[in-house]
Amino acid sequence: MATAAELSEDEDEFHSSLRIYLNALEMLASSPEEQCRLMGDYNVAWELKEDVQSGKYLVGRGYLEESEEQWIKALCGALEGVNAQVLPSGAGREVNLQAMSLPVWQPARFLAAEVLRQLSRAAKENTRFLSGGTGAA
């Protein structure tokens, strides 16, 4: 059985990971120009795909509702079809903007915005937790 300290550490780690995930969702839901700016114009396609797909590690931990987890899984599945390894990459605005402007990203942008909407409850709880409030997501 987990100790209180282990449970607290797990909850802290979950909320830190959730905040990073929510930030990645916001970036993915943004325009290609904003995505490149926010990601520093470096390997944006690969980095953003990896950051958003890391949401799969939030699933099954007991902090999210089943419907929230299903939305995360749906977006991870949708991103499987984006082969970031073959997209233009490297440093600089032009190459990254070219990669992020491809039509393959449009469904993911739309879905990311919906996942953000669906995670609004968890996001509010996350903000409360990280600002020193109490309660699990």
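A short tour of the structure in this document, coming up. Everything numeric in this text was worked out from a predicted model, so none of it was measured. (Residues numbered from 1 in each chain as written. Predicted model: local features only at pLDDT ≥ 70, side-chain atom pairs only at ≥ 80, totals over all residues. Heavy atoms only, no water.)

Points about the pattern of salt bridges
Where we set the bar: Salt bridges, as used here, are contacts in which a Lys or Arg side-chain nitrogen is within 4 Å of a carboxyl oxygen on Asp or Glu. Secondary structure is summarised from DSSP: a helix means a run of H or I of at least four residues, a strand means a run of E of at least two, and numbering begins at the N terminus for each. Think of it in three bands: residues with accessible area under 20% of the maximum for their type are buried, residues over 50% are exposed, and the middle band is partly exposed, with areas taken using a 1.4 Å probe on protein chains only.
If you walk through the whole model with that rule in mind, you get eight salt bridges. Where E13 meets R61, a salt bridge forms, and the shortest distance between an N and an O atom there is 2.7 Å. Taken as a pair, E13 in helix α1 (residues 4-28) and R61 in the loop between α3 (44-53) and α4 (66-80) lie far apart in primary sequence, 48 residues in all. Residue class for E13 comes out partly exposed when judged on its relative accessible area of 39%. In this structure, the salt-bridge partner of R93 is D41, at a minimum N-O distance of 2.7 Å. With R93 in helix α5 (residues 93-100) and D41 in the loop between α2 (32-38) and α3, this pair connects stretches of sequence that are 52 residues apart.

Some words on unusual backbone geometry
The phi torsion at D41 lies on the positive side, around 55°, for a residue other than glycine. Positive phi is not limited to glycine here, since N43 has a value of about 45°. Following the sequence through the fold, N43 ends up in the loop between α2 and α3.

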